[in-house]
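Structural overview
Letter by letter, the chains look like this.
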Amino acid sequence: MHQIRMSALAALAALFAAGAQAAPLLSKQEIQAHQVRIEEQYDTAQARCRRVQGPARELCNEQARSERDIQSAELQMQAEPTPENDHKLRLAKAEAAYSIALVKCKPLDGAARSVCRSDAKRVFEDARAEAKLQGEVAAQSLRSEGIVRVRTAEAERAAETQYNAARERCGALPPEGRANCLQDAKQRFGKM
């Protein structure tokens, strides 16, 4: 039991030392499948954009690119929830909104165009500042989630070890007491 506690503490220490970077939540095959889906959606959107002409086409292309970048950042965040990936996701969303706003400003002339671009820039800078502030909150949240995941896994392993030990003790009993002992062990460790 002492050894299990020590291994749990060692896992927690490693978690903190690594900056609370948990193991990836998606397998490599799942990540690749999602990446292929994202690229297919992007290609489909690009094909739709080819049917449109002029400024609408440029806006359509920018929206497709932005959506692809956001989905890629979301996938990275799902695969490896770290504060850095959270920050990248927030920046991808801010940059997408900014680039779309700039494309919408292109058809305007003179002062209207300048005002539109400065408004877009201000919104972008505000979004970047917000992403930076939210990064600290996200880091703490992700750290907490990682700790819960590690503790849950350790508790499950400890319970499984205890259950196996109880089963072995039951196996050493005479046949008439073995069934009751096994039944009790299953009930105690939720194996019913």
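These numbers come from a predicted model, not from an experiment.

Some words on the overall build of the protein chain
The helix and strand inventory of the protein chain stands at six helices and zero strands. Reading the secondary structure of the protein chain in the N-to-C direction produces α-α-α-α-α-α. By the burial criterion, 27% of the 192 residues in the protein chain qualify as buried. Residue pairs at least 24 apart in sequence account for 61% of intrachain contacts in the protein chain once pairs closer than 6 positions are excluded. Entry remark: accessible area of the protein chain is about 12700 Å², with carbon and sulfur atoms responsible for 54%.

Some remarks on the pattern of salt bridges
Per the counting criterion, the structure on display carries nine salt bridges. Between glutamate 58 and lysine 106 there is a salt bridge, and its shortest N-O distance comes to 2.7 Å. A residue pair is termed long-range when its members are at least 10 positions apart, and glutamate 58 in helix H3 (residues 55–79) and lysine 106 in the loop between helix H4 (83–105) and helix H5 (110–171) qualify at 48 residues. Look at glutamate 58 and you get partly exposed, because its relative accessible area is 32%. Arginine 157 serves as the salt-bridge partner of glutamate 154, at 2.5 Å between the closest nitrogen and oxygen. Taken together, the residues span about one helical turn, with glutamate 154 and arginine 157 both in helix H5 at a distance of three residues. The buried category is assigned to glutamate 154, whose relative accessible area is 12%. Assessed through its relative accessible area of 48%, arginine 157 is described here as partly exposed. Within the structure, one salt-bridge network assembled from shared partners comprises Lys121, Glu125 and Arg128.

A closer look at the nonpolar core
Ranked by size, the top nonpolar core spans seven residues in total: Ile70, Ala73, Met77, Leu89, Ala92, Ala96 and Leu142. Elements with a contribution of two residues or more to this core: H3 and H4. By size, the runner-up hydrophobic cluster in this structure holds five residues, among which are Leu26, Ile31, Ile38 and Ala79.

Regarding the confidence of the model for the protein chain
Of the residues in the protein chain, 87% have a pLDDT of 70 or more, and the chain-wide mean is 81. Here residues 1–23 is a poorly scored stretch, pLDDT under 50, and it has 24 contacts once near neighbours within four places are set aside; other chains count.

Some thoughts on the state of the cysteines
Within the structure shown, the criterion is met by three disulfides. Note on cysteine connectivity: cysteine 49 is disulfide-linked to cysteine 60, with sulfurs 1.9 Å apart. Between cysteine 49 and cysteine 60, the S-S dihedral sits near -80 degrees, and the bridge is therefore left-handed. With cysteine 49 in helix H2 (residues 28–50) and cysteine 60 in helix H3, the pair connects residues that are eleven residues apart, well separated along the chain.

Focus on the packing of H4 against H5
Where H4 contacts H5, the axes come no closer than 8 Å and their chain directions differ by 170 degrees. Regarding the angle of H4 to H5, the classification is roughly antiparallel. Residues belonging to the contact of H4 with H5 are distributed by class as follows: 15 nonpolar, two polar and eight charged.

Re the packing of H3 against H4
Remark: H3 packs on H4, axes separated minimally by 9 Å, with the N-to-C direction vectors making an angle of 175 degrees. The angle between H3 and H4 falls in the class roughly antiparallel. Of H4, the residues touching H3 (which contributes Glu58, Leu59, Glu62, Gln63, Ser66, Asp69, Ile70, Ala73, Glu74, Gln76 and Met77) are Asn85, Asp86, Lys88, Leu89, Ala92, Lys93, Ala96, Ser99, Ile100, Val103 and Lys104. The class makeup of the residues in the contact of H3 with H4 is nine nonpolar, five polar and eight charged.

Thresholds, definitions, all that
- Residues numbered from 1 in each chain as written.
- Predicted model: local features only at pLDDT ≥ 70, side-chain atom pairs only at ≥ 80, totals over all residues.
- Heavy atoms only, no water.
- Helix = DSSP H or I, 4+ residues; strand = E, 2+ residues; numbered from the N terminus.
- Buried < 20%, exposed > 50% of the residue type's maximum accessible area, 1.4 Å probe, protein only.
- Contact = heavy atoms within 4.5 Å.
- Areas by Shrake-Rupley, 256 points an atom, 1.4 Å probe, with all protein chains shown as cover.
- Salt bridge = Lys/Arg side-chain N within 4 Å of Asp/Glu carboxyl O.
- Core = buried A, V, L, I, M, F, W, Y, C linked by side-chain atoms within 4.5 Å.
- pLDDT = per-residue confidence, 0-100.
- Disulfide = S-S within 2.5 Å.
- Axes fitted to C-alpha atoms, helices over the stretch in contact; angles between N-to-C directions.
- Parallel < 35°, antiparallel > 145°, perpendicular 65-115°, else oblique.
- Nonpolar A, V, L, I, M, F, W, Y, C, P; charged D, E, K, R; others polar.

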